[in-house]
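What follows is each chain in one-letter form.
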Amino acid sequence: MSTIGFDKLFYAKITLDEDDSEVYSPPVILAKAIKADLSVDLAEAVLYADDSAAEIVKEFKSGKLSLGINDIGRDIAKDLTGAVTDDNGVLLSASEDSSEPVAIGFRARKGDGRYRYFWLYRVKFGIPATNLQTKGDSISFQTPTIEGTVMRRNKPDGKGKHPWKAEVTEGDTGIAADTISKWFTQVYEPVYNSPPAPSPSIENPTTPEETVVYSPSEQGAPQVLQNVKGTKKTRAATAAATAADATGEVTTADTADTADSMV
């Protein structure tokens, strides 16, 4: 991926719910971005069989993020490094400080003018490096650098996995406009649509309910009649219908019995 720009550096504080799953606060600006370096460490295993590598597994273990920024304010330093302020508003860093993980979002401009957007779901920062230099014949800016460890998040996504990064390029096929426009309003949450329910198979259609009715004239032989919703046939109507089939005639009484037995 070739890029020519880097901006929109955000962070979101994290709290944990009762299941130790991350709950992200609304993102806020961290600082003006200068540079970002992201490297990844992989856990690797190789299975050898028949004197060669038969299977190789590589999984994300952790990552390192180094951010060059124009400045780090007091409140942001508290959120990212665990430092505190005293009653006079002085920022104090102690050996016992322990930072809390945050989510980090930013975007990078590509050579074609489009932007690629990122969220790193869980980053734990250390104390920022401070570079100082006296003023000489020429002016040279010294800016802080802060480094953090990138981890996967605790909360599983819709597929039961634990993502550590999300990224998207605007204008790519299938990318909704609001995915880009809302990228920095909240930490992106993966979306997986449920598969549609399978339609009934043509080869095995649903058959109507069948009821077995015994007619006295049939000497106990079963006759299978389709049970139609809203219609009810009595034994008398069944016997009448059977007698009519035998003689080839249908009497008025038979017709009346049949009509009276319809509900």
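Quick caveat, the model's predicted, so the values are computed rather than measured.

Caption draft 1: Layout of the overall build of the chain. The helix and strand tally for the chain stands at 4 helices and 13 strands. The proportion of buried residues among the 263 residues of the chain is 27%. Taking all contacts inside the chain whose residues are at least 6 apart in sequence as the whole, residues at least 24 apart take part in 57%. Carbon and sulfur atoms make up 50% of the accessible area of the chain, which totals about 18000 Å².

Caption draft 2: Inspection of the side chain of Thr169 at higher detail. Within the secondary structure, Thr169 sits in strand β11 (residues 165–169). Here Arg116 takes part through its side chain, which lies 2.7 Å from a polar atom of the side chain of Thr169. For Thr169, the contacting residues outside a window of four places in its chain are Lys110, Arg114, Tyr115, Arg116 and Ile175.

Caption draft 3: Layout of the environment of Val90. Mapped onto the secondary structure, Val90 falls in the loop between β6 (84–85) and β7 (91–92). Judged by relative accessible area, Val90 falls into the partly exposed class, the value being 42%. For the pair Val90 and Arg74, spaced 16 residues apart in the sequence, the C-alpha separation amounts to 8.7 Å. Those residues in contact with Val90 that sit more than four places away from it in its chain are Val84 and Thr85.

Caption draft 4: The side chain of Glu22, seen in detail. Its location among the elements puts Glu22 in strand β2 (residues 22–24). A relative accessible area of 4% means that Glu22 is categorised as buried. Polar side-chain contacts of Glu22 include one of 2.9 Å to the side chain of Arg122. Of note is the side chain of Glu22, whose polar atom sits 2.9 Å from the backbone nitrogen of Lys155. Residue contacts for Glu22: discarding those within four places in its chain leaves Ile14, Thr15, Leu16, Arg122, Arg153, Asn154 and Lys155.

Caption draft 5: Representation of the pattern of salt bridges. In this structure the tally under the stated criterion is 11 salt bridges. A salt bridge links Lys35 to Asp37; the shortest N-O distance between them is 3.7 Å. Taken together, the shared-partner salt bridges connect Asp112, Arg114 and Asp172 into one network.

Caption draft 6: Region of the structure containing the layout of surface pockets. Roughly 510 Å³ of internal volume is contained in the largest pocket. Tyr121, Tyr188, Glu189, Pro190 and Val191 are the residues nearest the centre of the largest pocket, which is lined by 21 residues in total. The element that contributes the greatest number of residues to the lining of the largest pocket is β11, accounting for 4 residues. Of the residues assigned to the lining of the largest pocket, the class counts are 11 nonpolar, 2 polar and 8 charged.

Caption draft 7: Structural view of the pairing of strand β1 (residues 3–16). The pairing of β1 with strand β8 (residues 102–110) spans 8 bridges and is antiparallel. Its bridge partner lying in β8, Phe10 is registered against Gly105. With 3 bridges connecting them, β1 and strand β3 (residues 28–31) associate as antiparallel partners. Note on β3: the bridge partner recorded for Phe10 is Ile29. Alignment of β1 against β2, held across 3 bridges, turns out to be antiparallel. Residue pairing in the sheet places Leu16 in a bridge with Glu22 of β2. Counting the residues between successive antiparallel strands, the hairpin from β1 to β2 contains 5 residues, one of them, Asp20, with a positive phi of roughly 65 degrees.

About the criteria used
- Residues numbered from 1 in each chain as written.
- Predicted model: local features only at pLDDT ≥ 70, side-chain atom pairs only at ≥ 80, totals over all residues.
- Heavy atoms only, no water.
- Helix = DSSP H or I, 4+ residues; strand = E, 2+ residues; numbered from the N terminus.
- Buried < 20%, exposed > 50% of the residue type's maximum accessible area, 1.4 Å probe, protein only.
- Contact = heavy atoms within 4.5 Å.
- Areas by Shrake-Rupley, 256 points an atom, 1.4 Å probe, with all protein chains shown as cover.
- Polar contact = N/O pair within 3.5 Å; in protein donor to acceptor, adjacent residues only side chain to side chain.
- Salt bridge = Lys/Arg side-chain N within 4 Å of Asp/Glu carboxyl O.
- 1 Å grid on protein atoms, 1.4 Å probe; cavity = no way out; pocket = protein on both sides within 12 Å on 5 of 7 lines; lining within 4 Å.
- Points joined across faces, edges and corners; volume = space filled by probe spheres on them.
- Nonpolar A, V, L, I, M, F, W, Y, C, P; charged D, E, K, R; others polar.
- Pairing = 2+ DSSP bridges.

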